[in-house]
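Notes for the structure review
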Amino acid sequence: MARFLELLVVGLVGLALGLALADAAKLPAYFRPKCSRRSSDEVLSACVQKVANQGVSSLANGDKKLGIPSMRPLVVPRMALSQGTSTVGLNITWEPAEIWGLGESRLYNYKTNYANKSTHFDVLIPSFTLSGTYRSSGRVLLLPIHGNGPSNVTVTNLRVHYYYEWPTKKNADGKEYFYIPKSDINIIGADAMYINFDNLFNGDQTLGNSMNLFLNENWRELLKELGPGMAEAVGGVVLLVVKRLSELVPADDFWADR
């Protein structure tokens, strides 16, 4: 059984700091038209999914008012993946890490329960790429792996499932705001994965090429092991966006009806 998988995206939260005490903001124009909360859950879900997908492209350019960085690419100063299972005991650090493809994400299967204040949906990322200068040590699929240098991990049609709860609370300004006490994300599928780590085994070209070939031939097994870390990376971005919106935009401003 897999032990606890820890993904530390150091600096991601820092990218949004500085606006925690900002005045109430309005829902961005790219998330319009607003949906009616008096609709049935089915109608409300379809509306929110449509509006969200329309706004993703604009949001991916960043929004300074909301403290959301550009996602073309999303640059994370330091990203560390520490994982241990029966087949993997791996530590990888990227400094910096670049995450590409988030701006082309599409939401589908969006289901919201207004009464329970909970939502779950799937996200399709046609081409998810994690690149940057890496440093690794440990074992992957039973084989030792260590090195440092340029890297690229690209997943085609990465699909993740996301769930979060969004009750409200009254802030000091007397207005109700959503907050996110619980969220969860996991990978539900992918069509392919390409992996390349340069300068493995102290630059031994033969061993490095063999390892990269092995990783690519066994990408499905590798995705099972490393996929949760990628899901956490995507989830960190989704949570950042949702939290920034919920922290700065009064709950009533999300809806067409008050």
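Within any chain, residue numbers begin from 1 and follow the written order of that chain's sequence. At least 70 in pLDDT is required for a residue's local features to be given in this predicted model, at least 80 for side-chain atom pairs to be given and counted, and no such filter applies to totals for whole chains, interfaces and linings, which use all residues. The side-chain values count all of the structure's non-hydrogen atoms but skip hydrogen atoms and water molecules.

Digging into the state of the cysteines
Disulfide assignment relies on a single distance test, namely cysteine sulfur atoms paired within 2.5 Å. Per the counting criterion, the structure on display carries one disulfide. For Cys35, the disulfide goes to Cys47, at an S-S distance of 2.0 Å. Linking Cys35 and Cys47, the disulfide has an S-S dihedral of approximately -90° and is accordingly described as left-handed. Of this pair, Cys35 sits in the loop between strand E1 (6-10) and helix H1 (41-59) while Cys47 sits in helix H1, and the two are twelve residues apart along the sequence. Accessible area is worked out with a 1.4 Å probe on protein chains only. A residue is then buried under 20% of its type maximum, exposed over 50%, and partly exposed in between. Look at Cys35 and you get buried, because its relative accessible area is 5%. For Cys47, a relative accessible area of 26% gives the class partly exposed. Runs of H or I in DSSP of at least four residues are treated as helices and runs of E of at least two as strands, each being numbered from the N terminus.

So, the packing of aromatic side chains
Here is the rule: rings of Phe, Tyr and Trp (six-membered ring for Trp) pair when centre to centre is within 6.5 Å. Planes less than 30 degrees apart are stacked, more than 60 are edge-to-face, and the remainder are tilted. In the structure shown here, the tally under the stated rule is twelve aromatic pairs. With a centroid separation of 5.6 Å and 40° between ring planes, the pair formed by Phe121 and Tyr162 is classed as tilted. Highlighted residues: Phe121 in strand E6 (residues 118-140) and Tyr162 in strand E8 (residues 147-165), separated in sequence by 41 residues. The buried category is assigned to Phe121, whose relative accessible area is 5%. For the ring pair Phe178 and Phe254, a centre distance of 5.2 Å and an interplane angle of 65° mean the geometry is edge-to-face. Taken together, the positions of Phe178 in strand E10 (residues 176-178) and Phe254 in the segment after helix H3 (219-248) put the pair 76 residues apart, joining distant regions of the chain. Both residues of the pair, Phe178 and Phe254, count as buried. Through a chain of ring-to-ring contacts, the aromatic side chains of Tyr114, Trp166, Phe178, Phe254 and Trp255 assemble into a single cluster. Counting as a charge over the ring demands two things of the Lys NZ or Arg CZ atom: a distance within 6 Å of the ring centre and an angle within 35 degrees of the ring normal. Geometry around Tyr114 places Lys117 over its ring, the cationic atom sitting 4.0 Å from the centre. Lying across the ring of Tyr179, Lys169 places its NZ or CZ 5.1 Å from the centre.

Remember, this is a structural readout, not a statement about activity or role.
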